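Architecture and fold: a report
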Amino acid sequence: MENFFFYFFAALTLIFAFLVIANPFSNNPVTSAMFLVLTIASLAGLFVLLHAYFLAAVQVLVYAGAVMVLFLFVIMLLDLKAEEERHIRAFGLGAGLISVGAIVSIFLISLLKAPLLSNPAPIVHGDTLALGKLLFNQYSLPFEIVSVLLLVAMIGVVLLSKKELK
Amino acid sequence: MDQIFVNLKDWLVALFPAGRQQELVSALISVAALIGTFAGLFALTTVLERKGLGRIQNRYGPNRVGPYGILQPMADGLKALTKEDVVPRSADQVVHFLAPLVLVAPVFLALAVVPMGRNMAAVDFDAGILFFFAVGAATELSVFMAGWSSRNKYSLLGAMRAIAQMISYEVPLILSSLAVIMIAGSLSAVTIVEKQAGYSGLIPHWFVLTPWGFAGFILFMIAAAAESNRSPFDLPEGESEIIAGYYIEYSGFKFALFFLGEYIGLFAASGLAITLFLGGWNAPFPFLTWIPSYVWFFGKLLALIAVFIWVRGTLPRLRMDQLMNFAWKFMLPMALINLLTAGVWHFTPPGLARWIICALLVFGPYVALGRTLFESKKLAKRTYSYAE
Amino acid sequence: MSYLSILNLAAPETIMVMTALAVLAADLLFMRELERGTRQLIGAMIGCAGCLAAVAWMLVLPLPEPGSLMQGLFLVDPLIRIVKVALLALTIFTVLISMEADFTQHIGEYFALILFAAIGMMFLVSTEDILMIFISLELTSLSLYILTAFNKRNIKSAEAALKYFLFGGMAAAFTLFGLSLLYGISGSTNLAEIAKAVSGKSVNGLDPLLIAAIVLTVIGFGFKVAAVPFHLWAPDAYEGAPIPSAAFIASGSKVASFFVFAKVMMIGFKGAEGSGSLQAWMPGWVPTLAVVAAASMVLGNLAAIAQSSVRRLLAYSAIAHAGYVLLAVMAVPSPLAPHTSPLGPLVYYVITYGLTTLGAFAVVSNVQQRTGGDRLSDFAGLARRAPLLSFCMLIFMLSLAGIPPLAGFFGKFYVFTAALSSGGKSLGLLWLVILAVAMSAVSLYYYLLVLKQIYIMPSTDQDTPRPLSIGSQAIVFALAALVLILGCAPGLILEPVMSAIKVAGL
């Protein structure tokens, strides 16, 4: 049963992710963004299968909720008429397919050849309490650095979106 | 009496063979009960709201269908079902169709984690409160989908207003509940309610009766009103400017679904407020504990809905800039201060001193912030000049 | 791990964060009304003071107990200390160079971002944990993207930043994928633990998953150090970014990235080296890097010849130098001589290279301020207008080309020797060293092209030369002097580094 759900959500994730970048029905960026939401939601499903409910909820809350809505905002504010009528050039398509094919084949070969792990993965402690304890004890330093990272991002956003006064 | 529904469900489930089938049946019963109860409550609320508003505005309200107009929701439902469903030709058909569903499904999901009585939460899991907010985030998406797919500039404007408002008020909403989560030490709604059980003398241990809880409750209620686009935060549908916002191109049953979604969202938010601050299904006084827990929950829910109706009948609509200023300059700092106060509360020994310190910590900034905002022109009191 | 002990261990970084916040706050709160020159002066002073305080903290105070290492999340050892001091020195010079900048009004933000990038680099070099590596890599990169886009009046700056950002985002995704495979293989984020799992896997041939992990990790770091074929952002970023930003990308970021690159490869993939020798080619990370290094050297040097913009030329030269440094990364100590760690030559090389490019960019900055461009022809006749500046440029260019007795020569010398001695008697990497020496000879040509413009071509601009500010000349002169001194006495860096390596047991 777990296995079935895993493959189900994994397949959904892949299909939606594909539709984000190459939707045969629509060239509209908004549609792509909406498929991205679905991708993220199916990803959250995978997290749930790992019993990482916290991560799943955060994934939906942050990405599908806030981030994607802001994406959509930006897409709406930009004039993307040109994007809708864009045609993929044969060269770009060819080069892209070749490189993607190369990477996929590397992964397929390596994954097929890879022996099953002899030591099973450690039992995942996905519950909020364990996660919080790890985050604020063992990983408090990375956690703090991430706060600096977010500050940098914030400065950057304010700065780049400000009108330059001459 | 208290466990009657729980026992009923257990009895029903026991009729089926054990194993996966029982789990499925159990889930289905919970879902059916949730949908049934809250759809009923929705019908009741619409008529109560219209009656209440009528009372406030010195008119009758609905009084034609059934005794005292009590069957009005039936008539409304029939009308919505039989009305022609008009979809604009240029609309994005799929998205236009999906938008109301994307609104309604998550709000019911959100209700699943709210405990409505002793042992009466449909789902109790570790990150329940977070789950509530996570599925709540889908409402923003549905609003966007509705506004964008309609291909109508008023729809789009309404959607943009709504999203800006929802994103802005989501921050204080979550921050104010964070104080409770911090003190309770759990993200599970059931645990949070259990932490509020018990009484000191006659006074219940509800979080709303602490300084930070009180401030948090007020902040939460304001933010919840804004989140569910209730008056005085109903700019997205401001009919005088943008007709009906993102609803414009919806008619018939899809419109009814939107309506339903908004109300269920309001119930969910009120339910969460009850869970977080008002002691959940706990009775207010120790000598009233014999009354079943779900009665208390739904009583509190109806009381909160009454407050919302009262606010709607009383306050005028805000302006967009006032709305944003209020969110970022008042709600957000207050929520942060409240969080800090909750921390102070946690680390000071119990007693009167803790009470006074925390009350000052919340009240001082409240006065200071209010003063500065009031004095800056943006939020200045409006002066009215009456005709002679 | 309590916060106090973290603050104690990471005190230099903490000081830097405080400084960055102080610069930001001072500029935003108190200096809005002041003139730009004053604001720049005060901002730079605060920034430099913070860097110096961090340096002083590291040099004066004794090392904390080596036991308090937070499971490899954060390390403090003498070698890391030296690299951090070097990074801070480069930061100070970058801050000083940007004092003359006139491309932005947001001075506080600019200095703060330089400091934040430096903080990212400091964390990057002081960890042996892939989680920390990734986060600090992102901190550095994000700050550098913004620094690249800082000149909002110039469309090229925006273009450069976008390219840098998009490439960087892709590379970060690849790195993350590679690192997550590593975590999957070993179940740990610590490099030493990973190495245990890795060497266990490579008893009979390499684990295919491991190969994928190696390739993906190399892609990510290859982007950071601008090695071919992940170099495409570099010429545009160097050309479009504001000069101090470009200088910092070329110097500080390179030092930190190469150090951590080498550490990840040497420690994390220990036991999966393979062999890059032509006779006994064996899959592993050494042959992967060998291909990348060879491509970088060839493409970087050949493409540099065709450039007419000095900044693009410096970019391609940086790509070529990335190829040389990769030689040091590959120089795994052979079992015959386990005590010749290639980290010593690597650290020496990247530090002197950082100082040299920083100097070259400072000269370009001066020229661009006077002539408005950085084409080769803008340098024509510089020797007559600014003899001191030209002499400094001479030193930088010759050092980059590797002419003794400048620092660049010894850097190359040590790196090549390390690469040669790595294979033991078989001289496995000999072919790469021969290629590197040949390509160095090619590089001399385009460095001389610049010098030819400066010393031989007649000046094209008819204006009376504006006098250079003494401050900027002093910076350039100081950098040139450093390059000269470190070249004449390489032991100044090498000896402490070597003894530090012994202490660290690498």
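Residues numbered from 1 in each chain as written. Chains lettered and ligands numbered in written order. Predicted model: local features only at pLDDT ≥ 70, side-chain atom pairs only at ≥ 80, totals over all residues.

Bringing the overall build of chain C into the picture now. Scanning chain C from terminus to terminus reveals 21 helices and 0 strands. Expected size for 506 residues packed as a compact globule is a radius of gyration near 23 Å; at 22 Å, chain C falls within 12% of this value. The dimensions of chain C, computed from C-alpha atoms along their principal axes, are 70 × 55 × 40 Å. For chain C, with 506 residues in total, the buried portion stands at 60%. (Helix = DSSP H or I, 4+ residues; strand = E, 2+ residues; numbered from the N terminus. Rg over C-alpha atoms; globule rule 2.2 N^0.38 Å. Buried ≥ 20, exposed ≤ 12 C-beta atoms within 10 Å, placed from the backbone.)

All names here are of chain A. With their axes 8 Å apart at the nearest point, helix α2 (residues 29–49) and helix α3 (residues 53–77) run at an angle of 175° to one another. As judged from the angle between their axes, α2 and α3 are roughly antiparallel. Where α2 abuts α3, its residues P29, V30, A33, L36, V37, I40, A41, L43, A44, F47 and V48 lie against Y53, L55, A56, Q59, V60, Y63, A64, M68, F71, L72 and I75. In terms of residue class, the contact of α2 with α3 is made up of 21 nonpolar, 1 polar and no charged. (Axes fitted to C-alpha atoms, helices over the stretch in contact; angles between N-to-C directions. Parallel < 35°, antiparallel > 145°, perpendicular 65-115°, else oblique. Contact = placed C-beta atoms within 7 Å. Nonpolar A, V, L, I, M, F, W, Y, C, P; charged D, E, K, R; others polar.)

Glancing now at the interface of chain B and chain A. Counting from both sides, the interface comprises 15 residues of chain B and, opposite them, 16 residues of chain A. When residues of the side of chain B that touches chain A are traced back to their parent elements, those giving at least two are α5 (128–149) and α6 (153–184) of chain B. With 9 residues, α5 of chain B is the single largest residue contributor to the side of chain B that touches chain A.

Attention now moves to the nonpolar core. The biggest cluster of nonpolar side chains holds 208 residues, and the ones touching the most others in it are I119, V325, L327 and M330 of chain C. Judged by nonpolar contacts, the second largest core, of 125 residues, contains A121, F132, W212 and I222 of chain B. (Core = buried A, V, L, I, M, F, W, Y, C linked by C-beta atoms within 7 Å.)

Every contact between the two is made by 25 residues of chain A and, on the other side, 33 residues of chain C. For the side of chain A that touches chain C, the secondary structure elements donating two or more residues are α5 (90–113) and α7 (140–161) of chain A. Of the residues contributing to the side of chain A that touches chain C, the split by class is 18 nonpolar, 5 polar and 2 charged.

A separate point is the environment of I243 of chain C. All names here are of chain C. Structurally, I243 can be placed in helix α11 (residues 243–250). Remark: the alpha-carbon pair of I243 and A304, spanning 61 residues in sequence, is separated by 19 Å. Ignoring anything within four residues of it in the chain, the contact list for I243 reads F361, V364, S365 and Q368.

Attention now goes to the packing of α6 of chain B against helix α8 (residues 211–227) of chain B. Residues and elements named next belong to chain B. Look at α6 against α8: their axes get within 8 Å of each other, and the N-to-C directions meet at 155°. One element, α6, and the other, α8, form an angle in the roughly antiparallel class. At the point where α6 passes α8, the crossing takes the left-handed sense. Contacts from Q165, M166, Y169, E170, P172, L173, S176, S177, A179 and V180 in α6 reach W212, G216, L219, F220, A223, A224, A226 and E227 in α8. (Left-handed = near helix turned anticlockwise from the far one by under 90°.)

Predicted confidence across chain C gives a mean pLDDT of 84, with 92% of residues reaching 70 or more. Complex prediction metrics read pTM 0.86 and ipTM 0.89. (pLDDT = per-residue confidence, 0-100.)

Residues and elements named next belong to chain C. Looking at the element boundaries, T140 is found in helix α6 (residues 130–148). Among the residues examined, T140 registers 28 C-beta atoms within 10 Å and is labelled buried. Taking C-alpha positions, T140 is 19 Å from G178, a pair spaced 38 residues apart along the chain. Apart from residues no more than four positions distant in its own chain, T140 is found in contact with A117, G120, M121, L124, S253 and A256.

All names here are of chain C. Among the structural elements, I475 can be located in helix α20 (residues 470–488). For I475, a count of 23 C-beta atoms within 10 Å puts it in the buried group. Once the C-alpha coordinates of I475 and F93 are considered, the two residues, 382 residues apart in sequence, prove to be 7.3 Å apart. Sequence-distant contacts of I475, defined by excluding residues within four places in its chain, comprise F93, L96, I97 and A362.

So, on to α11 of chain C. Within α11 of chain C, 8 of the 8 residues are buried, leaving the element largely enclosed by the surrounding structure. Listed as buried for α11 of chain C are I243, P244, S245, A246, A247, F248, I249 and A250 of chain C.

Let's shift gears to the confidence of the model for chain A. Residues with a pLDDT of 70 or more make up 83% of chain A, whose mean pLDDT is 79. Element-level mean pLDDT values for chain A span from 65 in helix α4 (residues 81–84) of chain A up to 90 in α7 of chain A.

Before going further, it helps to spend a moment on α8 of chain B. With 17 residues, α8 of chain B extends 24 Å from end C-alpha to end C-alpha; this agrees with the ideal 24 Å at 1.5 Å per step. Among the 17 residues that make up α8 of chain B, 15 are buried, leaving the element largely enclosed by the rest of the structure. (Expected span 1.5 Å × (residues − 1).)

A cis amide bond links V228 of chain C with the next residue in sequence, P229 of chain C, at an omega value of 5°. A cis amide bond links P404 of chain C to the next residue, P405 of chain C, at an omega of 10°. Along the chain, the position of P405 of chain C falls in the loop between α17 (387–401) and α18 (407–422). Within the chain, N229 of chain B stands out as a residue other than glycine whose phi angle is a positive 55°. Take N229 of chain B: it is sitting in the loop between α8 and α9 (239–242). By C-beta crowding, N229 of chain B is classed as buried, having 23 other C-beta atoms within 10 Å.

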